[in-house]
Amino acid sequence: MQFRSKEELETHIQRLKSQSVTTQVLVCIGLGCLAKGAQPVYNRFVEVIEKEKISAVVSQLSENSRHPVVGTGCMGLCEAGPLVRMEPQGILYLRVTPEDVEKIVEKTLKNGEIVEELVYQETHHEEVLKWPLMKDVPFYRKQIKIVLRNCGSIDPENLDDYLRNDGYVALARVLTEMNPDDVIGEILKSGLRGRGGSGFPTGRKWQFARVSKSDKKYIICNGDEGDPGAFMNRSVMEGDPHSVIEGLAIAGYAIGAQEGYVYVRAEYPLAVKRLKKAIQDAREAGFLGQNIFGTPFSFDLKIKEGAGAFVCGEETALMASIEGKRGMPNPRPPFPAHKGLWGKPTVLNNVETLATVPAIILKGANWFRSFGTVSSPGTKTFALSGKIRNTGLVEVPMGITLRELIFDVGGGIQNDREFKAILIGGPSGGCLAKQHLDLTVDYDSLCAAGAIMGSGGLVTLDEDICIVEQAHFFLHFTQSESCGKCVPCREGTKHMLNMLQKIVDGRAKPEDLELLAETADVVKDASLCGLGKTASNPVLTTLRYFKDEYLDHVLNKVCVAHVCQAMKIYRIDSEKCRTCGKCARVCPVKCISGRPKVPYVIDQEQCIKCGSCFEACPFDAVMVDWRSKNHE
Amino acid sequence: MNALKVDEEVYREVESIILANRDEKTPLLSVLQGISQVYGYLPRDVMEYVSRKLNIPSSKVFGVATFYSFFETRPVGKYMIRICQNAPCHVLGASNILRILKKELNIKEGETTKDGKFTLEVTSCLGVCGVAPAMMINETTYGNLNEERIREVLALYQ
Ligand SMILES: Cc1cc2nc3c(=O)[nH]c(=O)nc-3n(C[C@H](O)[C@H](O)[C@H](O)COP(=O)(O)O)c2cc1C
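Residue and element names in this part refer to chain A. As judged from the six bridges shared by strand S8 (residues 259-264) and strand S9 (residues 300-305), these two strands associate in the parallel manner. Across the sheet, residue Tyr263 finds its bridge partner in S9, namely Lys304. Handedness of the crossover joining S8 and S9 through helix H13 (residues 269-284): right-handed.

Here's what the structure looks like:
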């Protein structure tokens, strides 16, 4: 159906709301659950329910055409997927397999009972606590969902599902009741800051583009999300694509653009598929195209798929990529708001920024400001990964402490290990330590600690992780993703990587640490784009907060986490050695000596810790040990 | 894996891909993506052809083709395995997963199995860190990998 006016849309939404949709089985088919086998679970539910003709469900089927089994976007708790939510009760089932389906249908759907063994549980002092309802599960308790308002509760491929929750009402209101300056005014007042990393005020960016004079302007949604450990944007594009489309249309109206792009990275084919369907549906419903809601405003969208390059997330590189070039950044100014895509004024916004916009328009700037802090209003989505217990997707109010985020929402560290550090903001972010746990999560306090909010990836590290090796790992990433255009980033990251390699190999001298810090500063100051400017962050923050670990590697050749291979010691137990000589024959540097009847010994000076002797010894006589601080 | 024999039929296909993208202002990236989707890689002769047809210097076409990691300039297997080695996967033992895969397939990163079935590549973050360690085979993603699960998944493609 085509909506030609705001009233038509409102009538339709009223009708949708009046149709009672009570009994539902929501199966998460976000990518995380799919990767754990959610599709067969979904299929099985459809099969069993159609076969059983359950009365509660059948009566509902005759009332409206909506199928009781709904495949939704990400519900958040990826760790315990595949997830299934039963409505109207709101029961959450974890790790559901196709074999569980009949039992769930029988007990919950037919008789309203709970399948005990599938609900969330925790053991406290040998007492098992269970939380059958999703809203009570500790992981969800501190969350507030604005960006993820629909994610996990609607079918992303069903436009009516989006409309039922007042979808496109914000767009209708903007086009019929507000002029572009009012829209920008409302966004400015809300204090919304860009969720793509830098936190630039969205309203200000729109204002710049609005006052730029040009026959043509563009709005681009940045769905490149290349930060390792980030998957918030993917989840929104997959789980609630219309919220992004509505945000783009509102932004287009505000700045005076008639054309928009959604740039999605190559690694996200499912997001592309769902966005394509949503754009098509929005066009057919008249939310995109000519004279939307009967107003003079016309707007349409194209999807542009990336082809695998981290740097394309940077705005000028992204535009170069849309223009069909290698995705290399360009110096700013000129800023995209003046000269962007094909030389025209352009606004780039992150997926999450745009998905927030309709909610602000609908409920007002003051409502939005009631969440979060004064300088960072609203909520922020985070992707929890690494050694945290509840890996997954969350949305929390800004200003929450890291401790609440990691321990209350995230459930603490896996296997009851010790928390060691958290990497926030991906490879351009920083490593924060125990002493930062009470830091509040907002743009300014993270920045003051040397980290950045970034896009929202949070990788938790425990005591088994070597911080120096992690820093090396991140630098390896940025070094290989450096596009090579500017010297400080291209050469500087290479040198830093070499120095870190020396440290993990146990070949570094104390003065190398100073050189490392100095090089890191130069790369930070002199690089062309954000990639180089932030590449040093993991190194600088780890040097600052984990100096002792660096010194251990350099001075004592000790790796407390027992990760860096060079700090291992191989020895041969003379009691166990049967003098067969196998170890000496496989040793690539020929540093093992002995002869029949005389136990073999390893020359520690020459040993390269390759482990060949360890693997070769048939009598388990080769032992591995780690150097500790009080070693000889 | 054998190289594609670039004949008339291939040029006709490429022509139709170019045609399908003619509305785009700067179609190079989309055209190369279209060709990759059909043939798995970008044969040299095809890139030369694209360069002539779009009137873009071939150096530019090669530049773009080699800049992006999803473009291949040599033949690849029927199934492209992209294994993630980024931070969240790394801290959960992704290097071990890579080792197991290499052993199972008997190839190294960047190589294709003799029967032309699998190519193994290390990729940038796949964005399913909630179920790390993860990999992607063509367009399907698999998570929470361990030795057993890798064998199960590979069996699906045998
Ligand atoms: C190397 C690099 C990668 C980036 N990757 C992304 C990304 O994946 N997604 C994103 O929204 N912004 C990314 N940015 C930031 C963008 O340049 C830009 O600031 C952002 O898209 C603006 O949107 P916002 O104002 O809504 O935050 C990246 C920046 C740099 C330097």
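Turning our eyes to something else, we now look at unusual backbone geometry. Residue and element names in this part refer to chain A. Gly81 connects to Pro82 through a cis peptide bond whose omega is -10°. Within the secondary structure, Pro82 sits in the loop between strand S2 (69-72) and strand S3 (84-87). In this model, Glu87 is joined to Pro88 through a cis peptide bond whose omega is 10°. Residue placement: Pro88 occurs in the loop between S3 and strand S4 (91-93).

Once that is clear, we can look at the site of the ligand. Residue and element names in this part refer to chain A. Near the ligand there are 23 residues, and of these Gly194, Gly196, Gly313, Asn350 and Gly530 occur at the shortest range. Top element by residues in the shell around the ligand is strand S10 (residues 346-350). It accounts for three residues. Taken together, the residues of the shell around the ligand sort by class into five nonpolar, 13 polar and five charged. Two domains share the shell around the ligand, each providing at least three of its residues, namely domain 2 (159-369) and domain 4 (467-556).

By size, the foremost hydrophobic cluster in this structure holds 232 residues, and its most contacted members are Val27(A), Val244(A), Ile250(A), Ala251(A) and Ala134(B). In terms of residue count, the dominant contributor to this core is helix H12 (residues 241-255) of chain A (nine residues). Leave out the neighbours within four places in its chain, and Ile250(A) touches Ala170(A), Leu171(A), Val174(A), Val183(A), Val357(A), Pro358(A) and Ile361(A).

All names here are of chain A. When cut into domains, chain A gives domain 1 (20-138), domain 2 (159-369), domain 3 (379-462), domain 4 (467-556) and domain 5 (565-626). For domain 2 versus domain 3, the distance between C-alpha centres works out to 27 Å. Taken together, the contact between domain 2 and domain 3 spans 14 residues of the former and 16 residues of the latter. Residue composition of the side of domain 2 that touches domain 3, by class: four nonpolar, five polar and five charged.

To continue, consider the sheet that holds strand S4 (residues 140-142) of chain B. All names here are of chain B. One open sheet accounts for four strands, arranged S2-S1-S3-S4; its pairing is mixed. Each edge of the sheet is formed by a strand with only one pairing partner; in this case those strands are strand S2 (118-123) and S4. Put simply, the sheet's adjacent strands are angled 25° from each other on average, direction ignored. In this structure, strand S1 (residues 79-84) lies alongside S2, joined through six bridges in parallel fashion.

With that settled, consider the interface of chain A and chain B. Every contact between the two is made by 45 residues of chain A and, on the other side, 33 residues of chain B. Listed by contribution, the elements that provide at least two residues to the side of chain A that touches chain B are helix H2 (31-34), strand S11 (379-386), strand S12 (392-397), strand S15 (457-462) and helix H19 (467-481) of chain A. Taken together, the residues of the side of chain A that touches chain B sort by class into 23 nonpolar, 12 polar and 10 charged.

The relative placement of two packed helices comes down to the angle between their axes together with the axis-to-axis distance. Residue and element names in this part refer to chain A. Close contact between helix H9 (residues 180-190) and H12 brings their axes to 7 Å; oriented N to C, the two are set at 120°. When the interaxial angle is binned, H9 and H12 end up oblique. Handedness of the crossing formed by H9 with H12: left-handed. Between H9, through Pro180, Val183 and Ile184, and H12, the contact on the second element is made entirely by Ile250, Tyr253 and Ala254.

With that settled, the discussion passes to the sheet that holds strand S1 (residues 24-28) of chain A. Residue and element names in this part refer to chain A. Taken in spatial order, the four strands line up as S2-S1-S3-S4 in an open sheet, and their pairing is mixed. Two strands in the sheet have a free side with no partner beyond their single neighbour: S2 and S4. Geometrically, the sheet is characterised by an average inter-axis angle of 25° between neighbouring strands, direction not taken into account. Two elements, S3 and S4, share three bridges in a ladder whose sense is antiparallel. Considered in S4, the bridge of Val84 is made with Tyr93.

A separate point is the domain arrangement of chain B. A common measure of how large an interface is: the accessible area buried when the components associate. Taken as a whole, chain B is organised into domain 1 (8-67) and domain 2 (79-156). If you average the C-alpha positions of domain 1 of chain B and of domain 2 of chain B, the two centres end up 29 Å apart.

About the cut-offs
Residues numbered from 1 in each chain as written. Chains lettered and ligands numbered in written order. Predicted model: local features only at pLDDT ≥ 70, side-chain atom pairs only at ≥ 80, totals over all residues. Pairing = 2+ DSSP bridges. Helix = DSSP H or I, 4+ residues; strand = E, 2+ residues; numbered from the N terminus. Right-handed = clockwise from strand over helix to strand, strands pointing away. Near = placed C-beta within 6 Å. Nonpolar A, V, L, I, M, F, W, Y, C, P; charged D, E, K, R; others polar. Domains from an automatic or database assignment. Core = buried A, V, L, I, M, F, W, Y, C linked by C-beta atoms within 7 Å. Buried ≥ 20, exposed ≤ 12 C-beta atoms within 10 Å, placed from the backbone. Contact = placed C-beta atoms within 7 Å. Axes fitted to C-alpha atoms, helices over the stretch in contact; angles between N-to-C directions. Parallel < 35°, antiparallel > 145°, perpendicular 65-115°, else oblique. Left-handed = near helix turned anticlockwise from the far one by under 90°.

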